[in-house]
Amino acid sequence: MHNNQLLKIAKDFGSPVYIYNSETIIKQYKRLNTAFNKVKKVKINYAVKALSNISILKLMDSLGAGLDTVSIQEVKLGIIAGFPAERIIFTPNGVSLEEIEAVAKLGCQINIDNLSILEQFGTKYPDIPVCIRINPHVMAGGNTNISVGHIDSKFGISIHQIPHILRIVNNTKMTINGIHMHTGSDILDIDVFLYASEILFETAKNFKTLEFIDFGSGFKVPYKPGDIETNIEEFGEKLSARFNEFCKDYGKQLTLAFEPGKFLVSEAGQFLAKVNVVKQTTSTVFAQIDSGFNHLIRPMLYGAQHEIENISNPKGKERFYSVVGYICETDTFANNRRINEINEGDILAFKNAGAYCYSMASNYNSRYRPAEVLWHEGKAHLIRKRETFDDILKNQIEIDLKPKIKAVKV
Ligand SMILES: *Cc1c(COP(=O)(O)O)cnc(C)c1O
């Protein structure tokens, strides 16, 4: 999108504001689909938690995607957006049996990630086929906060517990129709992923009733110049060949499933914020924007480096800035970042703000969550209003507190 289009959006809808370009989402979806076009049956289930706006879900529906969900609320959003339950997979972690039952009753595919629930669900509902989430114990990427396949991870059922899974399946007569892994959000090395896939194939041989194998996600997109991006084309070619070979051995054409979040929506999003104050200190120049980690927590939570552009002064002389927020907390977006000269009132654009940005926003400091805008076919559509003071007050209950101790008179 052009700077003047972005500036107009910030002017028309106010700041801060999230803006998503549908074209980028469509392009990424097609890229992923094309990378696996040698496999007969491929299913891409969009991970709702990355960006859960209903209009974004509708866009995914129009592309033919399914949904990957982690809470019954996400399932309901999907259904409201028009997805039939059969195209929704529920992959929660540590949720109650009651919630899983409720989602199963809606007709979604259930994916179970612990032995306790597997045994309870299989005993109660032997006729509902389920998928199981395996932990292949493979380290994907370096950050343990986003790498979820390693040995100490809380996610999935360990591959070392296959005999126990089989015992539960045999005892309850339940059906396992899929197996799944999700090793985390940071695949730097295709070979590591392919290695984990081999473990999944090996595991799959234990189950004779499979319909699909779900390889999760973790496809990396570049956040700053020089960042590694998962080579999806090479990955697609290698995994497709291996998958087809496996299906031949298995004796049945299975569906190859993925559940990308970041890959589909990260690059489509930009976060626009206005510079309130430019503050020189003895050591640095701060640019303070009308936002904070209440609206975009990834830099503080994961150390994510979002590229920042001064779209109000793109030709200005480059200087070093620390870009920070306005909440009462250290909320640094960037340190020592070279940015075109910033003046108070300028609009900064934060790149890669599609995934895990709005969906992680909060009301901390009693601030409003920003508006969301979808840029679709050359037009800006408001897809979520900025919050108002009513939203801050909503659900709060004011009680009558009579002072127990009388004020002491002096
Ligand atoms: C979060 C999540 C995803 C999406 O991960 P990305 O890195 O955004 O692609 C996929 N599957 C499961 C089970 C998840 O929890």
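Residues numbered from 1 in each chain as written. Predicted model: local features only at pLDDT ≥ 70, side-chain atom pairs only at ≥ 80, totals over all residues. Heavy atoms only, no water.

## Re the packing of aromatic side chains
Using the following cut-off: To pair, rings of Phe, Tyr and Trp, with the six-membered ring standing in for Trp, must have centres within 6.5 Å; the planes then decide the type, stacked if under 30 degrees apart, edge-to-face if over 60, and tilted in the middle. Comment: elements are numbered from the N terminus, with helices defined as DSSP H or I runs of at least four residues and strands as E runs of at least two. Exposure is judged per residue with a 1.4 Å probe applied to protein chains only, and the accessible area is read against the type maximum: over 50% gives exposed, under 20% gives buried, and values in between give partly exposed. Whether a charge sits over a ring depends on NZ of Lys or CZ of Arg being within 6 Å of the ring centre and within 35 degrees of the ring normal.
The tally for this structure, following the rule as stated, stands at 21 aromatic pairs. On the basis of an interplanar angle of 85° and a centroid distance of 5.9 Å, the ring pair of Tyr-18 and Tyr-358 is categorised as edge-to-face. Residue Tyr-18 is located in strand S1 (residues 17-21), and its partner Tyr-358 is located in the loop between strand S16 (347-350) and strand S17 (371-376); the two are separated by 340 residues in the primary sequence. Tyr-358 carries the same exposure label as Tyr-18, and that label is buried. Where Phe-271 meets Phe-350, the ring centres are 5.8 Å apart and the plane angle is 55°; that geometry is what we call tilted. Residue Phe-271 is found in strand S11 (residues 269-280), and its partner Phe-350 is found in strand S16; the two are separated by 79 residues along the sequence. Since its relative accessible area comes to 1%, Phe-350 is described here as buried. Members of the aromatic cluster, joined through ring pairs, are Phe-36, Phe-193, Phe-201, Phe-215, Phe-219, Phe-235, Phe-243, Phe-246, Tyr-250, Phe-258 and Phe-263. Across from the ring centre of Tyr-326, 4.2 Å away, lies the NZ or CZ of Arg-367, which sits over that ring.

## Quick look at the packing of helix H6 (residues 115-124) against helix H7 (residues 162-172)
How two helices pack is summed up by the angle between their axes together with the distance between the axes. The criterion, for reference: Note on geometry: axes are C-alpha line fits, over the in-contact stretch for helices, and angles between N-to-C directions span 0 to 180 degrees. The cut-offs work like this: below 35 degrees is roughly parallel, past 145 is roughly antiparallel, 65 to 115 is roughly perpendicular, and the gaps in between are oblique. Residue contacts follow a heavy-atom distance rule, with two residues in contact if any of their heavy atoms lie within 4.5 Å. Only Asp, Glu, Lys and Arg are considered charged in this grouping, and only Ala, Val, Leu, Ile, Met, Phe, Trp, Tyr, Cys and Pro are considered nonpolar; every other residue, Gly among them, is considered polar.
Two numbers describe how H6 lies on H7: the axes approach to 9 Å, and their chain directions differ by 10°. When the axes of H6 and H7 are compared, the pair comes out roughly parallel. Mapping the contact onto sequence places Leu-115, Leu-118, Glu-119, Gly-122 and Thr-123 in H6 and His-164, Ile-165, Ile-168 and Thr-172 in H7. Here the residues of the contact of H6 with H7 sort into four nonpolar, four polar and one charged.

## A short note on the pattern of salt bridges
Just so we agree on the cut-off: Any Lys or Arg side-chain nitrogen located within 4 Å of an Asp or Glu carboxyl oxygen qualifies as a salt bridge.
Considering all chains together, one arrives at 14 salt bridges under this definition. The closest approach of N and O atoms between Lys-124 and Glu-101, which form a salt bridge, is 3.1 Å. Note that Lys-124 is positioned in helix H6 and Glu-101 in helix H5 (residues 97-106), a separation of 23 residues in sequence.

## Brief notes about the environment of Lys-238
Rules: Counting of polar contacts relies on pairs of N or O atoms within 3.5 Å, with two restrictions inside protein: one atom must be capable of donating a hydrogen and the other of accepting it, and residues adjacent in sequence are counted only when both atoms are side-chain atoms.
By the element assignment, Lys-238 lies in helix H9 (residues 232-250). On the basis of relative accessible area, Lys-238 is assigned to the partly exposed category, the value being 37%. The residues contacting Lys-238, other than those within four sequence positions of it, are Asp-191 and Leu-194. Within polar-contact distance, the side chain of Lys-238 engages the side chain of Glu-234 at 2.9 Å.

Geometry only, nothing functional implied.
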